[in-house]
Amino acid sequence: GDIFQRDILNWRERELSTIAALANMKGVNSQLQAHYAISMNNVITPKELHSFVTVLETKCGSEVARNAQGVLDQVLKADRK
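Residues numbered from 1 in each chain as written. Predicted model: local features only at pLDDT ≥ 70, side-chain atom pairs only at ≥ 80, totals over all residues. Heavy atoms only, no water.

Position of leucine 16 relative to the elements: it lies in helix α2 (residues 11-23). Residues leucine 16 and phenylalanine 52, spaced 36 residues apart in sequence, show a C-alpha to C-alpha distance of 8.2 Å. Excluding residues that lie within four positions of it along the chain, leucine 16 makes contacts with Ile44, Leu49 and Phe52. (Helix = DSSP H or I, 4+ residues; strand = E, 2+ residues; numbered from the N terminus. Contact = heavy atoms within 4.5 Å.)

See below:
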């Protein structure tokens, strides 16, 4: 919550920073799922999130990206229902 109270980053940057941080932590997939949904309910598109997972793979490794993609796929599947 701290990063959302500061004026250093805009909302989009804050949300993507949160997603990146959560993607790099084990055992927080439910929070990652929630932040994916929050971001899509505002201004970040599924296409942008898929691109962001590609960045995660480059910067954080394939294991992080695989998990982040799996959680994103669950969110998108639930969103289609």
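Our next topic: the nonpolar core. Counting 19 residues, the largest nonpolar core has Leu32, Tyr36 and Leu49 as the members making the most contacts within it. What tyrosine 36 contacts, discounting residues up to four positions off in sequence, is Ile19, Leu49, Val53, Ala68, Val71, Leu72 and Val75. (Core = buried A, V, L, I, M, F, W, Y, C linked by side-chain atoms within 4.5 Å. Buried < 20%, exposed > 50% of the residue type's maximum accessible area, 1.4 Å probe, protein only.)

Residue placement: glutamate 15 occurs in helix α2. Comment: no salt bridge for buried glutamate 15; closest opposite-charge side chain is arginine 14, at 9.2 Å. Of note is the side chain of glutamate 15, whose polar atom sits 2.5 Å from the side chain of histidine 35. (Lys, Arg positive; Asp, Glu negative; His and termini not counted. Salt bridge = Lys/Arg side-chain N within 4 Å of Asp/Glu carboxyl O. Polar contact = N/O pair within 3.5 Å; in protein donor to acceptor, adjacent residues only side chain to side chain.)

The next point concerns the side chain of serine 39. Looking at the secondary structure, you find serine 39 in helix α3 (residues 29-41). In this structure the side chain of serine 39 is engaged in a polar contact, spanning 2.7 Å, whose partner is the backbone oxygen of tyrosine 36. Other than its neighbours up to four places away in sequence, serine 39 contacts Trp11, Glu15, Ile19, Ile44 and Leu49.

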